[in-house]
Structure formats: structure tokens, C-alpha cells
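Each chain, written out:
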Amino acid sequence: MAIRNAIVALDFDGTVVTHAYPNIGNDIGAVPVLRELLDNGCRLILYTMRSGKLLDDALAWFKRNDIPLYAVNENPTQKEWTSSPKVHADLYIDDSGLGCPLKFADGVKRPFVNWVKVRQQLVADGFLD
Ligand SMILES: [Mg+2]
């Protein structure tokens, strides 16, 4: 039985797409896994350094891929119990996070998230069945 209703904070560049900042990187297999999390009742918070038009471009990526976001760079409910600026989540998926499974590909400078391995980890940790 998977953990339901978890709040998952998600980085953008190098995490849901390859690193191509300020452009939008290539698909790396995040969409089906994010959809599984959504189907499981998880809420996704985009947690990114992007702002202004570059943030809008990232938001358009989520729209195009039909991945609804719960919030962007904030957890709307945490103000009720903390004044901390850190975005509260049950899980953070970020290519810069220690232990995040990464993948290298020809022609790209920086590794990006390996979503096959992330999915396995989500199952192992109880976030997915
Ligand atoms: Mg990143």
C-alpha cells in the first residue's frame, strides 16, 4: 500500500528535463512517473530557481504534459503552522540532492535524473505500489 497524499517537491532543470537552462531541456521519462504519483493522490510542488518568463516556460511544460501542480515555490498550507521560508514537502526530488539517481548521456554536460531508478526508489520507499 503506497503512501497517499504525499507532497512532493520537484526541481525542474536536470530533474524533469535535461539541463538546458534558460531553455527547456529534453524529456527524460519524468511524465509517466509524475502521473503515477498524481494518480496515487500525491500533490506536486514545483521547487525551482526559475522566475519570470523562464518560470512561465517551465509551467507551460507541465501544462503541455498535463501534469497539474499543487503550487509553485511554496506550500500554501504551511503558513498555518510555520513562518519558515523553506518549502515543506514529504519528499524532494532534485538532481542536486544527495543520493538522487542520475544518468549521463552523450552530448550533455551535466547528468540528469534517472527516472527508471527514481521510480524503483519510490516503490521501495512506499510512495508508489
Ligand atoms: Mg536542478
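Residues numbered from 1 in each chain as written. Predicted model: local features only at pLDDT ≥ 70, side-chain atom pairs only at ≥ 80, totals over all residues. Heavy atoms only, no water.

**Student:** Please explain the coordination of the magnesium ion as it appears in this structure.
**Tutor:** When a metal carries six donors in an octahedron, the ideal angles between them are 90 or 180 degrees, while four donors in a tetrahedron ideally lie at 109.5 degrees. Of the protein atoms, only D11 (OD), D13 (O) and D95 (OD) coordinate the magnesium ion, at distances of 2.1 to 2.3 Å. Within one chain, the residues serving as donors to the magnesium ion are arranged as D-x1-D-x81-D. Separated by 82 residues along the polypeptide, D13 in the loop between β1 (7-10) and α1 (30-39) and D95 in the loop between β4 (91-93) and β5 (102-103) bring together distant segments of the chain. In this structure D13 comes out as buried when scored by relative accessible area, which is 11%. (Donors = N, O, S within 2.8 Å, 3.2 Å for Na, K, Ca; no water. Helix = DSSP H or I, 4+ residues; strand = E, 2+ residues; numbered from the N terminus. Buried < 20%, exposed > 50% of the residue type's maximum accessible area, 1.4 Å probe, protein only.)

**Student:** Any chance you could explain helix α2 (residues 52-64) here in plain terms?
**Tutor:** Since the α-helix advances by 3.6 residues per turn, residues separated by three or four positions end up pointing in the same direction. When the terminal C-alpha atoms of α2 are compared, their 18 Å separation across 13 residues agrees well with the 18 Å that a helix rising 1.5 Å per residue should span. Taken together, the buried positions of α2 are L55, A58, W61 and F62. Buried residues of α2, seen end-on, are gathered within an arc of 105° and therefore sit on one face of the element. Residues K53, K63 and R64 are exposed on α2 and point more than 90 degrees away from its buried face. Just past α2, the residue D66 takes up positive phi, approximately 60°. (Expected span 1.5 Å × (residues − 1). Arc of directions from axis to C-beta.)

**Student:** Explain the nonpolar core here, please?
**Tutor:** The tendency in soluble globular proteins is for nonpolar side chains to be buried side by side. Membership of the largest hydrophobic core comes to 30 residues, with the highest contact counts inside it found for F12, V16, L34, F62, W115 and L122. Secondary structure elements with two or more residues in this core: β1, α1, β2 (43-46), α2, β4, β6 (112-113) and α3 (115-124). Among residues more than four places away in sequence, those in contact with V16 are L10, D11, N26, I28, A30, L34, W61, F62 and W115. The next biggest cluster of nonpolar side chains, apart from the first, holds six residues, and it includes I7, A9, A71 and V87. (Core = buried A, V, L, I, M, F, W, Y, C linked by side-chain atoms within 4.5 Å. Contact = heavy atoms within 4.5 Å.)

**Student:** Would you mind showing me how to read the sheet that holds β4 here?
**Tutor:** In a beta sheet, neighbouring strands pair by backbone hydrogen bonds and run either parallel or antiparallel. Taken together, the four strands give an open sheet; going across it, the order is β3-β2-β1-β4, and neighbouring strands pair in parallel fashion. Strand pairing shows two members of the sheet lacking a second neighbour, β3 (71-72) and β4, which therefore form its edges. The pairing of β1 with β2 spans four bridges and is parallel. Looking at β2, one finds that L10 is bridged to L46. (Pairing = 2+ DSSP bridges.)

**Student:** Please explain the side chain of N75 as it appears in this structure.
**Tutor:** Here N75 is to be found in the loop between β3 and β4. At 2.9 Å, the side chain of N75 forms a polar contact with the backbone oxygen of H88. When sequence neighbours within four positions are dropped, the list of residues in contact with N75 reads I7, I45, Y70, V87 and H88. (Polar contact = N/O pair within 3.5 Å; in protein donor to acceptor, adjacent residues only side chain to side chain.)

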